[in-house]
2 protein chains.
Amino acid sequence: MASMTQSRSATSIGSPDGSDEPALLRAARRQPARTPPVWFMRQAGRSLPEYRKVREGVPMLEACRRPDLVTEITLQPVRRHGVDAAILFSDIVVPLRAVGVDLDIVAGVGPVIAEPVRQLADLDRIPRLDPGQVDYVGDAVTTLVGELHGTPLIGFAGAPFTLASYLVEGGPSRDHARTKALMHGDPALWSALLDRLADVALTFLKVQIDAGAQAVQLFDSWAGALSAADYAAHVLPHSAKVLAGLADLGVPRFHFGVGTGELLPLMARAGADVVGVDWRVPLDEASARIGPGCAVQGNLDPALLLADWPVVEREVRRVIADGRSAPGHVFNLGHGVLPNTDPDMLTRVVELVHSAAD
Amino acid sequence: MASMTQSRSATSIGSPDGSDEPALLRAARRQPARTPPVWFMRQAGRSLPEYRKVREGVPMLEACRRPDLVTEITLQPVRRHGVDAAILFSDIVVPLRAVGVDLDIVAGVGPVIAEPVRQLADLDRIPRLDPGQVDYVGDAVTTLVGELHGTPLIGFAGAPFTLASYLVEGGPSRDHARTKALMHGDPALWSALLDRLADVALTFLKVQIDAGAQAVQLFDSWAGALSAADYAAHVLPHSAKVLAGLADLGVPRFHFGVGTGELLPLMARAGADVVGVDWRVPLDEASARIGPGCAVQGNLDPALLLADWPVVEREVRRVIADGRSAPGHVFNLGHGVLPNTDPDMLTRVVELVHSAAD
């Protein structure tokens, strides 16, 4: 009860430093809030008819390179749902394409790599990212920050492990078998590969922050395929390099993967301010595992948005209640919005989260 | 140290009751052993050239209905690898097909259901299983027990949740969204559906036990998609019905799903003698979560079998060492054998497990 009283009075007098900081940033910095800020992973995407319209006939990678489309698509869910953050419309393979990796994003499949990484010489195909190679991203971010009128823009990048999995497998993979075989069988090549990918991710995020992104999320979508021991030994140091490289830039660092119940404390230790949690671990339990030094983000099961409203309402309220025991809570889904989600359901969730002070 | 001494002397004098019980059954009953017994999920399958040969031109469901093929395919890995158990060659949808559900197993896709279950009336299409509808399974088991010369045969069935997911989605699903929407949105229909599927699974397992199967595994492959709260409320009671129905039949009950780190104690509580664990949770930690009343099974990452032998050897030894703190350990993979696994690697793993007394 003490912390709830504290939350209310803090809200009524504004944030502790007297500034009018957006709710997303306050929650990420573990400042008290009456209701959590809310956004949705993959909110800018196929669930929206206006998205499907502007993407008609435009391949994914081309859309990611056109600042006009990036701007429009990023703004769509902010306009429609009134979420507390925009997330840059892009793809984790965009910086890989920018440095010259021969890849495409195939509809219904995902990223497909022409020549997968299998040996040391293949690393020559992954040079350092020059910020000028993704100037269209910086341009879009600059435009967006102007049009968002204070709603924070979250930049993002793929984490080294998840990028490595695409590069080694040649595309999406269920079992990540070649990736794991390389990780265990050739630790030197593995480490060199992830180090390069950490550099790419770090530069990509810095471009976005330099252009005005107020927060960043490192997506390690497939990290949950690993045991904690493997993650700690073979992945964490490289993700930590990315996150440490941003430590002095004053933007909260979100860190997310799916199925990461065993990895949550390690994902915090990698240097996160906010750890994203999927729906498998309740937020109170997740926060206990992560410790008091991080806020949490999540964790409504996106599949439940296909149920009727009473089910969604009950689950949203439960997530908010669970999140109250964390030192900070950003409401989100436990994974990306499913394409066949009714967008009105998302709007209702935002309204409920915003009104759901206990 | 006490338990290790106990193990050695127990092995040297035979099992405590003086019988010559197979190692698999002793481990499942938490009797001490010097080395764990070993078998592999999906050991009878595409990793074996002799399997691909006998399956040539024979659709999966037809193969499952032909006792000669079931017998041959089930025996292949026992002959080749010297594993400590055979697992019946079948598929979890076989009893559904047997009761008349219009489905097929499509190569490269999985089970495809012609008319998915969406409403109460659809339950009429899932009548009770009459043992005579799967007499070919009983016939194969009888033949197998004769040919296995004491190596135990493990029977199996799909658990209600995993069967329900196929029936509701119409096929394999990444997100189980319709399944979860039904579970939350229409609990009465959900419960009725899972109750029917529990009956089907129970009858299917009893047919196998009556014909001589010495152990059974309930596969809840997709249960890891659920939170513990949802599993406990909407799934556990139905899996428990299946496992309780076998309690008096004197065969150990294995219970397995992938990505079930959060569910392990619940999967034990459902009535398992042995809980299968994937590679995400080390066996010592898994056993601590499960408690002393169950043995554990697992948990080498099948992806690692694509690495070189030194990597595999190190990981096999680690799994065995982790398993020593459990009250019983059946060595297995953390999921099924990947089709592109070199079968010689599996044979070497069996040899190592059998020789790996500390």
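Residues numbered from 1 in each chain as written. Chains lettered and ligands numbered in written order. Predicted model: local features only at pLDDT ≥ 70, side-chain atom pairs only at ≥ 80, totals over all residues. Heavy atoms only, no water.

Focus: the environment of Leu24 of chain A
Residue and element names in this part refer to chain A. Definition in use: A run of H or I in DSSP counts as a helix once it spans at least four residues, and a run of E counts as a strand once it spans at least two, with each numbered from the N terminus. For each residue, the accessible area found with a 1.4 Å probe, counting protein chains only, is set against the maximum for its type, and the residue is called buried under 20%, exposed over 50%, and partly exposed in between. Two residues qualify as a contact provided that any one of their heavy atoms is within 4.5 Å of a heavy atom in the partner residue.
Structurally, Leu24 can be placed in helix H2 (residues 23-28). For Leu24, a relative accessible area of 0% corresponds to the buried category. It is 18 Å that separates the C-alpha atoms of Leu24 and Glu147, two residues lying 123 residues apart in sequence. Apart from residues lying up to four places away in sequence, Leu24 is in contact with Pro37, Trp39, Asp84, Ala85, Pro152, Ile154, Ala215, Phe254 and Val330.

Some thoughts on the sheet that holds strand S9 (residues 329-333) of chain A
Residues and elements named next belong to chain A. For clarity, the cut-off: Pairing between two strands is assigned when DSSP locates at least 2 bridges connecting them. Lines are fitted to the C-alpha atoms to define the axes, a helix being fitted only along its stretch in contact, and any angle between axes, read from their N-to-C directions, falls within 0 to 180 degrees.
Strands sit in the order S1-S4-S5-S6-S7-S8-S9 across an open sheet of seven strands; the sheet is parallel. Of all strands in the sheet, those with a lone pairing partner are strand S1 (86-87) and S9, marking the two edges. Relative to the sheet, helix H10 (residues 187-210) contacts strand S4 (153-158) and strand S5 (215-219), its axis offset from that of S4 by approximately 165°.

Describing the pairing of strand S3 (residues 110-113) of chain B
Residue and element names in this part refer to chain B. Here four bridges tie strand S2 (residues 103-106) to S3, and the two strands are oriented antiparallel to one another. Bridge pairing in S3 links Leu103 to Ile113. Adjacent in sequence and paired antiparallel, S2 and S3 are bridged by three residues, among which Gly108 carries a positive phi angle near 80°.

A closer look at the relation of the copies chain B and chain A
Condition: Here the copies are superposed with least squares, the fitted atoms being C-alpha atoms of residues at a pLDDT of at least 70 in both.
Take chain B, turn it by 180°, move it 0.0 Å along the axis, and it overlays chain A with an RMSD of 0.0 Å. Classification of the inter-copy transformation places it as that of a two-fold axis.

A short note on the packing of aromatic side chains
All names here are of chain A. So the rule is basically this: Any pair of Phe, Tyr and Trp rings, taking the six-membered ring for Trp, is counted once the centres come within 6.5 Å. Such a pair is stacked with planes under 30 degrees apart, edge-to-face with planes over 60 apart, and tilted for the rest.
Tallied over the full model, the rule gives eight aromatic pairs over all chains. With a centroid separation of 6.2 Å and 80° between ring planes, the pair formed by Phe219 and Phe256 is classed as edge-to-face. Linking Phe219 in strand S5 with Phe256 in strand S6 (residues 253-256), this pair joins segments that are 37 residues apart in sequence. For Phe219, a relative accessible area of 13% gives the class buried.

A few points about the sheet that holds strand S1 (residues 86-87) of chain B
All names here are of chain B. Taken in spatial order, the seven strands of this open sheet run S1-S4-S5-S6-S7-S8-S9, and their pairing is parallel. Looking at which strands have only one partner, the edges of the open sheet turn out to be S1 and strand S9 (329-333). Where S1 lies against strand S4 (residues 153-158), two bridges are found, and the strand directions are parallel. Bridge pairing in S4 links Ala86 to Leu153. Here helix H14 (residues 283-290) sits on the sheet in contact with strand S7 (274-276), strand S8 (295-300) and S9, set at roughly 150° to S8.

Here's the deal with the pattern of salt bridges
Residues and elements named next belong to chain A. To be explicit about the condition: Any carboxyl oxygen of Asp or Glu within 4 Å of a side-chain nitrogen of Lys or Arg constitutes a salt bridge here.
Per the counting criterion, the structure on display carries 38 salt bridges over all chains. Of the charged contacts in the structure, one is a salt bridge between Arg80 and Asp344, with a shortest N-O distance of 3.8 Å. Pair noted here: Arg80 is in helix H5 (residues 67-81) and Asp344 is in helix H16 (residues 343-355), with a separation of 264 residues, a long-range link. Take Asp344: its relative accessible area is 46%, and that puts it in the partly exposed class. Between Asp273 and Arg253 there is a salt bridge, and its shortest N-O distance comes to 3.0 Å. Taken as a pair, Asp273 in the loop between helix H13 (264-269) and strand S7 (274-276) and Arg253 in strand S6 lie far apart in primary sequence, 20 residues in all.

Thoughts on the packing of helix H9 (residues 177-185) of chain A against H10 of chain A
All names here are of chain A. The condition is simple: In these notes the angle categories are as follows: under 35 degrees is roughly parallel, over 145 is roughly antiparallel, 65 to 115 is roughly perpendicular, and the rest is oblique. Amino acids are sorted into nonpolar (Ala, Val, Leu, Ile, Met, Phe, Trp, Tyr, Cys and Pro), charged (Asp, Glu, Lys and Arg) and polar (every other residue, Gly among them).
Where H9 meets H10, the axes come as close as 5 Å, and the angle between the chain directions of the two elements is 115°. One way to sum up the angle between H9 and H10 is to call them roughly perpendicular. Counted together, Thr179, Leu182, Met183, His184 and Gly185 of H9 and Pro187, Leu189, Trp190 and Leu193 of H10 form the full contact between these two elements. Taken together, the residues of the contact of H9 with H10 break down into six nonpolar, three polar and no charged.

Some words on the interface of chain B and chain A
Selection rule: The term buried area means the drop in 1.4 Å probe accessible area that two parts suffer when joined, counted for both and summed. Side-chain atoms alone can form a polar contact between residues adjacent in sequence; in general such a contact is a pair of N or O atoms within 3.5 Å, and within protein one must be able to donate a hydrogen while the other accepts it.
Contact residues are listed per partner, giving 29 residues for chain B and 29 residues for chain A. Of the roughly 2,200 Å² buried between chain B and chain A on both sides combined, carbon and sulfur atoms contribute 55%. Interface area lost by chain B to chain A is led by His184, Glu262 and Arg280 of chain B, which between them contribute 26%. Along the contact surface separating chain B from chain A lie four salt bridges. Note that Asp301 of chain A is salt-bridged to Lys180 of chain B, the shortest N-O span being 2.7 Å. Here chain B and chain A share ten residue pairs in polar contact (both at pLDDT 80 or more) between them. Breaking the side of chain B that touches chain A down by element, the ones donating at least two residues are helix H9 (177-185) and helix H15 (309-323) of chain B. Broken down by element, the side of chain B that touches chain A gets its largest block of residues, five residues, from H9 of chain B.

Quick look at the side chain of Ser227 of chain B
Mapped onto the fold, Ser227 of chain B is located in the loop between strand S5 (215-219) and helix H11 (228-234). On the accessibility criterion, Ser227 of chain B (13% relative accessible area) is buried. Non-local contacts of Ser227 of chain B, meaning those with residues more than four positions away in its chain, are made with Trp279 and Arg280 of chain A together with Leu263 of chain B.

Digging into the side chain of Asp122 of chain A
Residue and element names in this part refer to chain A. Assignment of secondary structure puts Asp122 in the loop between strand S3 (110-113) and helix H7 (135-147). The class for Asp122 is buried, based on a relative accessible area of 9%. Ignoring anything within four residues of it in the chain, the contact list for Asp122 reads Pro116 and Val117.

Describing the confidence of the model for chain A
All names here are of chain A. Stated formally: On a range of 0 to 100, pLDDT expresses the predictor's confidence in each residue.
Overall, the prediction assigns chain A a mean pLDDT of 93, with 94% of residues at 70 or greater. Ignoring residues within four places in sequence, the model shows residues 1-18, a span with pLDDT below 50, making 13 contacts including any to other chains. Note on the complex model: pTM 0.92, ipTM 0.91.

Describing a nonpolar patch on the surface
So the rule is basically this: Without a salt bridge and with relative accessible area above 30%, a residue can belong to a patch; like charges are then joined within 9 Å and nonpolar side chains (Val, Leu, Ile, Met, Phe, Trp, Tyr) within 5 Å. Accessible surface area values rest on a Shrake-Rupley calculation with a 1.4 Å probe, where residue burial reflects the displayed protein chains alone.
Nonpolar side chains collect at one region of the surface, where Val106, Val109 and Val112 of chain A lie side by side and expose about 200 Å² of accessible area between them. Topologically, Val112 of chain A is positioned in strand S3.

Regarding unusual backbone geometry
The omega torsion across Gly298 of chain A and Asn299 of chain A is -15°, close enough to zero to call that bond cis. With respect to the element layout, Asn299 of chain A can be found in strand S8 (residues 295-300). Unlike most non-glycine residues, His176 of chain A shows phi in positive territory, near 55°. Inspection of the secondary structure puts His176 of chain A in the loop between helix H8 (160-169) and H9. Judged by its relative accessible area of 3%, His176 of chain A falls in the buried class. Even without glycine at this site, Arg42 of chain B takes up a positive phi of about 60°. Note on placement: Arg42 of chain B falls in the loop between helix H2 (23-28) and helix H3 (49-55). Overall, Arg42 of chain B belongs to the partly exposed group, its relative accessible area being 47%.

Let's talk about the pairing of strand S6 (residues 253-256) of chain B
Residue and element names in this part refer to chain B. On S6, burial covers both faces: Arg253 and His255 on one face and Phe254 and Phe256 on the other are all buried. Inspection of the sheet shows S5 paired to S6 by four bridges, in the parallel sense. Along S6, the bridge assignment pairs Leu218 with His255. Examined bridge by bridge, S6 and S7 share two bridges and lie parallel to one another.

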